[in-house]
Amino acid sequence: MKKTSSIQAFSERIGIRFKDLSLLEQALTHSSYVNETKEPVADNERLEFLGDAVLELAMTTYLFTKYPEAEEGELSKLRAQYVCEQALVYYAQSIGLNHYLRLGKGEEASGGRERPAILADAFEAMLGAIYLDQGFSVAYDFLKRVVFTPIDNGFRVEFKDYKSQLQELVQADSNRSIHYKMVHEEGPAHHRIFTVEVYMDNILMGVGKGHSKKEAEQQAAKEALEKVARG
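Going along each chain's sequence as written, the residues are numbered from 1 onward. With the structure being a predicted model, the display of local features is reserved for residues of pLDDT at least 70 and the display and counting of side-chain atom pairs for 80 or more, all residues being used for whole-chain, interface and lining totals. Values shown for side chains rest on all heavy atoms present in the structure; no hydrogens or waters enter the calculation.

Overview of the overall build of the protein
Next, step 1: Secondary structure elements are defined from DSSP: runs of H or I of at least 4 residues count as helices, runs of E of at least 2 residues count as strands, and each element is numbered from the N terminus. A count of helical and extended segments in the protein gives 11 helices and three strands.
Next, step 2: Scanning the protein from its N terminus toward the C terminus, one meets helices and strands in the order α-α-α-α-α-α-α-α-α-α-β-β-β-α.
Next, step 3: Relative to its length of 231 residues, the protein is compact, with a C-alpha radius of gyration of 18 Å against a globular reference of 17 Å.
Next, step 4: When its C-alpha atoms are laid out on the principal axes, the protein stretches across 60 × 45 × 25 Å.
Next, step 5: Long-range pairs, those at least 24 residues apart, make up 55% of the contacts in the protein between residues at least 6 apart in sequence.
Next, step 6: Residue exposure ignores everything except the shown protein chains as possible cover, and the areas themselves are Shrake-Rupley values with a 1.4 Å probe. Counting only carbon and sulfur atoms, one obtains 50% of the accessible surface of the protein, whose full area is about 12300 Å². Taken over C-alpha atoms, the radius of gyration is set against a globule rule of 2.2 Å times the number of residues to the power 0.38. Any two residues whose heavy atoms approach within 4.5 Å at even a single point are treated as in contact.

Following this line, the structure appears as structure tokens:
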């Protein structure tokens, strides 16, 4: 299947008629493909950054409406559960996104189409592309079909949200602050390792590593919680 027809087929599969199909093409393009091709193409990392924000706003709106009596902490935990990497992988696979990814040969050979971090990032990148091309209302309607309906039907993931636990601990004392810092990125495109530090009151409390920034942040928060528990 030619590249253009493949992207068009995926556009039709997800029910979005793109005005600029190159946005969807970019959303499906992993950095490993860019590194191996001579084509003047961009990877999906910028779109993933945008899509992450779109997903957070849409999920927040959905949960705020669905649970009118829920407290802020409960809503935060639910949101973290439904936008975690495991959940994003489920959404991506449910629409067959993995079949349309553009990967480098090395990434393809090492099973990149099923790699959780790649699928999760591509799903968010695709959402960013929908937002840029069609606007927030279309992106929200897409999420209603692919994400919110499964949740309404009982979809759940087992997820330990260390970031939310750490945030709750900090919020208990209004004088405290917390922030995460991505300090290192290493390894080939098909096996990238991210290192993140978490600071409480500008004091380093934890360091985490993972195959995605989200995973590294969770590990950093976990280490910070363990340090606090030890006193």
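Don't stop here, the text continues.
Considering helix H5 (residues 72-82)
Next, step 1: Within H5, the full set of buried residues consists of Leu75, Leu78, Ala80, Gln81 and Tyr82.
Next, step 2: Residues of H5 that are buried make contact with helix H4 (45-66), helix H6 (85-94), helix H9 (136-152) and helix H10 (162-171). Relative accessible area decides the class of each residue, using a 1.4 Å probe on protein chains only: under 20% of the type maximum gives buried, over 50% gives exposed, and in between gives partly exposed.

Regarding the pairing of strand E2 (residues 193-200)
Next, step 1: Most of E2 sits out of view: eight of its eight residues are buried.
Next, step 2: Burial along E2 is two-sided: the face carrying Ile193, Thr195, Glu197 and Tyr199 and the face carrying Phe194, Val196, Val198 and Met200 are both buried.
Next, step 3: The hairpin turn running from E2 into strand E3 (residues 203-210), its antiparallel successor, is two residues long, and Asp201 in that turn takes a positive phi close to 55°. Pairs of strands are assigned from DSSP output, requiring at least two bridges between the strands.

Points about the packing of H4 against helix H8 (residues 116-134)
Two numbers describe a pair of packed helices, the interaxial angle and the distance between the axes.
Next, step 1: Contact geometry for H4 and H8: axes closest at 6 Å, N-to-C directions at 80°. Put simply, H4 runs roughly perpendicular to H8. The segment H4 lies against H8, with Leu47, Glu48, Leu50, Gly51, Asp52, Val54 and Leu55 engaging Asp121, Glu124, Ala125, Leu127, Gly128, Ala129, Tyr131 and Leu132.
Next, step 2: Among the residues making up the contact of H4 with H8, the classes are represented as nine nonpolar, two polar and four charged. Fitting a line to C-alpha atoms yields each axis, with helices limited to the stretch in contact; the angle taken between N-to-C directions then spans 0 to 180 degrees. We call two directions roughly parallel when the angle between them is under 35 degrees, roughly antiparallel when it is over 145, roughly perpendicular when it lies between 65 and 115, and oblique otherwise. Throughout this entry, Asp, Glu, Lys and Arg are counted as charged residues, while Ala, Val, Leu, Ile, Met, Phe, Trp, Tyr, Cys and Pro are counted as nonpolar. The remaining residues, Gly among them, count as polar.

So, the pattern of salt bridges
Next, step 1: One side-chain nitrogen of Lys or Arg within 4 Å of one carboxyl oxygen of Asp or Glu is enough to make a salt bridge. Scanning the entire structure with this criterion turns up 11 salt bridges.
Next, step 2: Across the pair Lys163 and Glu217 runs a salt bridge whose closest N-O atoms are separated by 2.9 Å. A residue pair is termed long-range when its members are at least 10 positions apart, and Lys163 in helix H10 and Glu217 in helix H11 (residues 213-229) qualify at 54 residues.
Next, step 3: Shared partners join several salt bridges into a network, and the residues in it are Glu25, Glu39 and Arg102.

Focus: the side chain of Glu197
Next, step 1: For Glu197, the position within the fold is in strand E2.
Next, step 2: Buried within the structure, Glu197 lacks any salt-bridge partner; Lys181 is the closest side chain of opposite charge, at an N-O distance of 5.3 Å.
Next, step 3: Polar contact criterion, stated in full: a pair of N or O atoms within 3.5 Å, where within protein one must be able to donate a hydrogen and the other to accept it, and residues adjacent in sequence count only if both atoms are side-chain atoms. A polar contact is formed between the side chain of Glu197 and the side chain of Tyr199, at a distance of 2.4 Å. Just so you know, the count uses Lys and Arg for positive and Asp and Glu for negative, and it drops His and the chain ends.

A look at the packing of aromatic side chains
Next, step 1: Between rings of Phe, Tyr and Trp, where Trp is taken as its six-membered ring, a pair exists when centres lie within 6.5 Å; planes separated by under 30 degrees are stacked, by over 60 edge-to-face, and by other angles tilted. All told, the structure shown has nine aromatic pairs when counted by the stated rule.
Next, step 2: Relative to Phe155, the ring of Tyr90 lies with its centre 4.2 Å away and its plane at 15°, an arrangement referred to as stacked. Of this pair, Tyr90 sits in helix H6 while Phe155 is found in the loop between H9 and H10, placing the two residues 65 residues apart along the sequence.
Next, step 3: Here Tyr90 falls in the partly exposed class, since its relative accessible area comes to 38%.
Next, step 4: Note on Phe155: relative accessible area 12%, which makes it buried.

Let's talk about the confidence of the model for the protein
Next, step 1: Known as pLDDT, the predictor's confidence for each residue is given on a scale from 0 to 100. Taken as a whole, the protein shows an average pLDDT of 90; of its residues, 97% reach a score of 70 or greater.
Next, step 2: The least confident element of the protein is H10, whose mean pLDDT is 83; the most confident is H9, at 97.

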